[in-house]
Number of protein chains: 2
Amino acid sequence: MAETTAANERRPRSDKQRNRTHILQTAERYFAEHGITGSLDAIAKRAGIGPGTLYRHFPNRESLLAALLQARNDELVSQREAIRQEPDTTAALARWLDALSQWATAFDGLPEPLRAAFSEDTSPLALTCQGFITTTDEFLHAAQRDGGARPDVRGRDLFLAVLAMSWVRGAAVADESSPTALSNLMRTGWATT
Amino acid sequence: MAETTAANERRPRSDKQRNRTHILQTAERYFAEHGITGSLDAIAKRAGIGPGTLYRHFPNRESLLAALLQARNDELVSQREAIRQEPDTTAALARWLDALSQWATAFDGLPEPLRAAFSEDTSPLALTCQGFITTTDEFLHAAQRDGGARPDVRGRDLFLAVLAMSWVRGAAVADESSPTALSNLMRTGWATT
DNA sequence: AGTACAAACGGAGACTATCTCCTTATGGGC
DNA sequence: GCCCATAAGGAGATAGTCTCCGTTTGTACT
């Protein structure tokens with residue numbers, strides 16, 4: 001056993017990993033240009049492979065998306081660690097929600113599949129969402145303990161609200177101040193009470 | 001000139017209006033069952049007409065949607081009149097936002113094209129949105145005058161927030177309390193300040 | 001009633017996208 | 001160098017949007 005693979009397991013063919021990487025690089029660029037609804041066959045063509053190859057690696061758009069998001073998930077997790085150092089729990093929650101919002105807008109149209117994944121736990125994105133909801137809950141509870149966040153709010157709702165704001169932001173690009181305005185709205189609401 | 005049509009204008013063929021009505025009835029049911037992304041050709045087939053006929057009446061999904069929404073727009077406008085009688089301007093704003101939210105969820109998936117229309121004034125839905133943003137602004141200004149709403153909020157942002165909440169609600173059906181929770185969140189925010 | 005004709009209909013089919021299946025190619029182990 | 005499992009490639013089934021054009025039909029006029 002010169003390899004680290006399990007016994008009776010042939011080492012995976014080298015072209016497989018090579019293709020996978022190449023697909024991801026191509027898809028990254030393609031989604032950045034056309035949004036995540038761009039044609040998958042077009043990505044295959046641009047990557048110089050057949051559609052069958054793309055679909056073997058990533059059986060649907062969602063799994064491709066999940067793979068692309070991996071790097072950003074890691075990034076978000078490391079941000080989470082940094083934010084945990086923040087002594088002001090309310091500021092920490094605000095920073096976390098901001099980071100989450102940036103994550104959800106990594107690609108144009110991303111909130112849509114995230115929302116879809118939210119309600120089906122069979123999706124590769126669902127687990128990711130679940131993890132981030134848990135984190136949201138942690139920051140929220142800390143802030144609630146310190147009196148900085150309303151006690152009746154749930155992490156789940158905050159997560160959904162961030163997703164919703166990220167979604168609507170995609171169309172509101174015309175107005176520069178919308179992102180801030182919406183983020184403020186979510187923080188303080190419209191009422192004065 | 002025995003007819004009310006303009007001079008030199010032939011009266012429109014009777015089957016035209018008949019088909020139009022029939023298409024609308026069929027589409028109403030179809031969208032209610034399948035959401036607004038259901039196949040247009042399928043609607044034509046169910047209505048017993050050719051796709052060409054459907055597309056002549058409604059050149060795209062959006063215009064069909066706009067026609068279907070007409071009745072609901074009227075309903076919303078009449079609700080607006082009722083809400084204007086409300087002496088408590090803050091309660092009025094809350095009621096208006098609620099009505100708006102119901103309007104935006106008349107069909108499954110409706111928030112999507114509404115958001116799209118929001119940023120392109122060429123759309124038949126865009127004008128409708130614009131009108132409702134104006135109304136939102138009216139109720140908002142009244143509430144702000146009376147100190148019930150934060151002065152830095154804009155009607156446009158409130159409208160977008162309602163749209164966003166309506167959108168996310170589509171997926172959050174699993175959790176009964178989400179609609180209320182999100183509506184509260186929009187009203188008071190997550191922070192205690 | 002019959003005729004003329006603009007208006008409207010119907011549906012074949014062009015186009016685009018997703019995804020599958022099966023043949024061909026190739027890399028790994030011996 | 002040979003075997004063959006593994007992966008690649010791409011044709012094509014399926015489905016949806018939308019258009020074009022030959023055919024039909026309702027209306028007006030005689």
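Keep in mind the model is a prediction, meaning the values are calculated, not measured. (Residues numbered from 1 in each chain as written. Chains lettered and ligands numbered in written order. Predicted model: local features only at pLDDT ≥ 70, side-chain atom pairs only at ≥ 80, totals over all residues. Heavy atoms only, no water.)

Take the pattern of salt bridges next. A side chain of one charge can pair with a side chain of the opposite charge when the charged atoms of the two come close. Residues and elements named next belong to chain A. For the structure on display, the rule yields 18 salt bridges over all chains. Between Arg-13 and Asp-15 there is a salt bridge; the shortest N-O distance is 2.9 Å. Given a relative accessible area of 64%, Arg-13 falls into the exposed group. On the basis of relative accessibility, which here comes to 25%, the residue Asp-15 falls in the partly exposed class. With a shortest N-O distance of 2.8 Å, Glu-28 and Arg-72 are connected by a salt bridge. With Glu-28 in helix H1 (residues 14–34) and Arg-72 in helix H4 (residues 61–84), this residue pair connects regions lying 44 residues apart in the sequence. (Salt bridge = Lys/Arg side-chain N within 4 Å of Asp/Glu carboxyl O. Buried < 20%, exposed > 50% of the residue type's maximum accessible area, 1.4 Å probe, protein only. Helix = DSSP H or I, 4+ residues; strand = E, 2+ residues; numbered from the N terminus.)

A few words on the protein's contact with DNA strand D. Around DNA strand D, a shell composed of 24 residues is seen, among which Arg-13, Asn-19 and Arg-56 of chain A together with Asp-41 and Arg-61 of chain B lie nearest. Those atoms of DNA strand D that come within 4 Å of the protein belong to sugar or phosphate at a rate of 59%. Take Lys-16 of chain A: an N or O atom from its side chain is 3.2 Å from a phosphate oxygen of DNA strand D. Going through the elements one at a time, H1 and helix H3 (51–57) of chain A together with helix H1 (14–34), helix H2 (40–47) and helix H3 (51–57) of chain B are the ones with two or more residues in the surface near DNA strand D. Per-element accounting of the surface near DNA strand D gives the leading share, five residues, to H3 of chain A. Residues belonging to the surface near DNA strand D are distributed by class as follows: five nonpolar, nine polar and ten charged. (Near = heavy atom within 4 Å. Polar contact = N/O pair within 3.5 Å; in protein donor to acceptor, adjacent residues only side chain to side chain. Nonpolar A, V, L, I, M, F, W, Y, C, P; charged D, E, K, R; others polar.)

As a structural note, the neighbourhood of DNA strand C is formed by 23 residues, with Asp-41 and Arg-61 of chain A together with Arg-13, Asn-19 and Arg-56 of chain B the closest of them. Counting only atoms of DNA strand C within 4 Å of the protein, the fraction found in sugar and phosphate groups is 58%. Here a phosphate oxygen of DNA strand C and a side-chain polar atom of Thr-53 of chain B are 3.1 Å apart. In this structure, Arg-56 of chain B approaches DNA strand C through a side-chain N or O atom, which is 2.6 Å from a phosphate oxygen. If one sorts the elements of the surface near DNA strand C by residue count, H3 of chain B sits on top with five residues. Of the residues assigned to the surface near DNA strand C, the class counts are five nonpolar, eight polar and ten charged.

Here the focus is the domain arrangement of chain A. Residue and element names in this part refer to chain A. When cut into domains, chain A gives domain 1 (13–59) and domain 2 (62–188). Distance between the C-alpha centres of domain 1 and domain 2: 27 Å. Contact with domain 2 buries area across many residues of domain 1, yet Glu-28, Phe-31 and Ile-36 alone supply 54% of it, more than any other trio. Seen at the junction of domain 1 and domain 2, the total is one salt bridge. For the pair domain 1 and domain 2, the number of links is two residue pairs in polar contact (both at pLDDT 80 or more). The set of elements that each furnish at least two residues to the side of domain 1 that touches domain 2 consists of H1 and helix H2 (40–47). When residues in the side of domain 1 that touches domain 2 are grouped by element, the largest group, seven residues, is from H1. Along the lines of polarity and charge, the residues of the side of domain 1 that touches domain 2 split into ten nonpolar, one polar and two charged. (Domains from an automatic or database assignment. Buried area = accessible area lost by both parts, 1.4 Å probe.)

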